[in-house]
Amino acid sequence: MENLILISNSSVQFSSVQFSYNNYSLKFFVTSALFYFYYVYSLGIISKLCRSIHFILVISIRLLNTFYKNSNFIGGFIMNSKKLFLFACMLILALSCKDNSYSPDGNNGGSSGGAGGGSGGGQEIGGGYILPQGSLSQEEQKKILDPNKNFKVLFERVSGGKYYRIPALIVSKNGVIIAANDIRHDSTADLGRGGANAKIDVVVKLSYDLGATWTEAIQVGPGATKAADSYGDAFLLNCHNGDVILGAVTHGGFVGTPPGKTVLYRSKDDGKTWTLTHTLEVPKGATAGFAASGQALTLRHGQNKDKQRLFFNYAAKLSGTTQIGNIAMVSDNDGATWRQAGETGSINNNDETKAFELSDGRVMLNHRQGVSVGGRLWSIAQTYDGNFTLQGKDPEVVDPGNNADLVRYEFNGLAIKEKYALLIHANSPHRNTWFTARLNHHIKLTKNEFNNGKGNENGKYAYDKQLVNDGDKRYSGYPTITVLPDGSIATLTEETLINKQDEYNIVFRRFNLFWLSSGKEYVDYSKDTLFQTPN
């Protein structure tokens, strides 16, 4: 055989070419190691380190060129230094051009810069505001921060094993991102639907650098040993004193017997540890109550300013009717005690509902509609604890009957841009079904607080952008959204390209106003409200 390689203790013979094993195997090993190291670099695993020694690698290739000068290497494939150097350059170019976008199965970890991507951490800006680690610099705020490149898969589906659903996302007063979701150990089934052995727990992950790196999962509560111990569908809530509340629903949920209760856990250390503080019964006037998945309100503005008020609402099966309404729960002492407050009455095809505080302190509700009708409705209350008046359907939102989320464009109660707010939802029509109809998360931005609280009118949204480039093909379940302390924006969403019922990945994405507005606006550290106050 012409290309037979014979190995002895002292030499290697390739056809008629013979050279010293000790010298050239070492050189070939060094070359291979450098190429492999550069391949790791191309994957983005250690990109920050490798970018800093990129120049050294190039010099190393040139040195190898010298090593191999005048050698017959690998049977004439690389016969001289020019060929070796050309080969090295071609390989490096190919690897450097590797696409780091989101893979078809949705299991990538993000771009080479991760989901953090900011170099502004530690800078003092505006009126003495110190940017936390991972923040964008002012120059980076004027460039695109793309959620298609800046993302992390925080929880990855394991078909036939662990499943993850119902994301919740918040940033603590101290700038720690807290991401929560269900871990469904045995099936994708909701609370009360999965049988006697279907265990569900709530877990959180924390990021101290605005999403670049994350802790391991932290279990909230004692952990489920059977279905009856389960709890899920978390919401997160910032307290005025800096504590964080996580609410969840116990086994039974909204459909089981007996119906679930609402348990409240409190963290005083930005999500590292949690203590059970309250177990709330089903609200009066209802046979079951389901606290909103993902979101509650820290009331800070207008009539609520400096009042230590908190708010969350139930989707409630109202007694004596088959319809679902909403019942609010409020606290006047930063979560120490809770009382039942305003109601909507029954609403046709109503489901999970999110809340929004206007700058004058009024509270709006944004209602998911059933999959048979789709779309989203609005209600409004004139006071934080008053009853709600139904406004009607949002004419500017297409929705398949999915959960959504909305948030003021502010951090810790201070606006980035006055009266701006954000909405995330699945931008696809209803098809009288759940999973396969939920596609294409969109981000909408309003500059006028949803037309100053008139949710059923046109003219509310200044920008509307697809979150993921292939969103129209991506099964897009429950989303949640929050604002980071540098004014960039983060989402935590259920996503997959695999058509398996509710087998989602939970994906964290980050972007900035410059991306959302297609370059029309950016966060201005010298002018925007938040950054003029020392933190």
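Owing to the predicted nature of the structure, the values given are computational and were not obtained by experimental measurement. (Residues numbered from 1 in each chain as written. Predicted model: local features only at pLDDT ≥ 70, side-chain atom pairs only at ≥ 80, totals over all residues. Heavy atoms only, no water.)

Draft legend 1. Looking closely at the pattern of salt bridges. Applying the stated criterion across every chain yields a total of 33 salt bridges. With a shortest N-O distance of 2.6 Å, R368 and E352 are connected by a salt bridge. Taken together, the residues R368 in strand β22 (residues 363-369) and E352 in strand β21 (residues 350-357) connect sequence positions 16 residues apart. By relative accessible area, which is 4% here, R368 ends up buried. (Salt bridge = Lys/Arg side-chain N within 4 Å of Asp/Glu carboxyl O. Helix = DSSP H or I, 4+ residues; strand = E, 2+ residues; numbered from the N terminus. Buried < 20%, exposed > 50% of the residue type's maximum accessible area, 1.4 Å probe, protein only.)

Draft legend 2. Quick peek at the sheet that holds strand β8 (residues 177-184). An order of β7-β8-β9-β10 is seen for the four strands of this open sheet, with the pairing classed as antiparallel. The open sheet is flanked by β7 (163-171) and β10 (218-220), the only strands paired with a single partner. Adjacent strand axes in the sheet meet at a mean angle of 30 degrees when their direction is disregarded. With seven bridges connecting them, β7 and β8 associate as antiparallel partners. Bridging from a neighbouring strand, R165 pairs with D182 of β8. (Pairing = 2+ DSSP bridges. Axes fitted to C-alpha atoms, helices over the stretch in contact; angles between N-to-C directions.)

Draft legend 3. The layout of surface pockets, seen in detail. When its volume is computed, the largest pocket comes out at roughly 610 Å³. Listing elements by their share of the lining of the largest pocket, those giving two or more residues are β7, β18 (310-318) and β21. For the lining of the largest pocket, the per-class residue count stands at eleven nonpolar, four polar and ten charged. (1 Å grid on protein atoms, 1.4 Å probe; cavity = no way out; pocket = protein on both sides within 12 Å on 5 of 7 lines; lining within 4 Å. Points joined across faces, edges and corners; volume = space filled by probe spheres on them. Nonpolar A, V, L, I, M, F, W, Y, C, P; charged D, E, K, R; others polar.)

Draft legend 4. Expanded view of the sheet that holds β22. Taking strand neighbours across the sheet as the criterion, the four strands line up as β21-β22-β23-β24 in an open arrangement whose pairing is antiparallel. Both outer strands of the open sheet, β21 and β24 (389-393), are each paired with one neighbouring strand and no more. Direction aside, the axes of adjacent strands within the sheet are offset by 25 degrees on average. Looking at chain direction, β22 and strand β23 (residues 376-381) are connected through six bridges and run antiparallel. Counterpart to H367 in the pairing with β23 is L377.

Draft legend 5. Quick look at the packing of aromatic side chains. Under the definition given, this model contains 16 aromatic pairs. Pairing Y231 with Y265 gives two aromatic rings, centres 6.5 Å apart and planes at 35 degrees, and the pair type is tilted. Taken together, the positions of Y231 in strand β11 (residues 231-238) and Y265 in strand β13 (residues 262-267) put the pair 34 residues apart, joining distant regions of the chain. Like Y265, Y231 is buried. Of note, R165 hangs over the ring of Y478, and the distance from its end group to the ring centre comes to 4.9 Å. Here K205 stacks its cationic end above the ring of F155, 4.5 Å away from the centre of that ring. (Phe/Tyr/Trp six-rings, centres within 6.5 Å; stacked < 30°, edge-to-face > 60°. Lys NZ or Arg CZ within 6 Å of the ring centre and 35° of its normal.)

Draft legend 6. Quick look at the pairing of strand β15 (residues 286-291). With five of six residues buried, β15 lies mostly within the body of the structure. Note: β15 against β18, five bridges, orientation antiparallel. Pairing of A288 across the sheet is with K317, part of β18.

Draft legend 7. Summary view of empty space enclosed by the protein. This structure, assessed with the given rule, holds five cavities of 30 Å³ or more. The volume enclosed by the largest cavity comes to roughly 480 Å³. Contributing to the lining of the largest cavity are 31 residues, with I170, N238, A296, T298 and V407 lying nearest its centre. Of all the secondary structure elements, the ones that give two or more residues to the lining of the largest cavity are β7, β11, β16 (294-295), β17 (297-298), β21, β25 (405-408), β26 (410-411) and β31 (475-483). A total of four residues in the lining of the largest cavity trace back to one element, the largest contributor, which is β25. The residue inventory of the lining of the largest cavity, partitioned by class, reads 15 nonpolar, ten polar and six charged. Roughly 50 Å³ of volume is contained in the second largest cavity.

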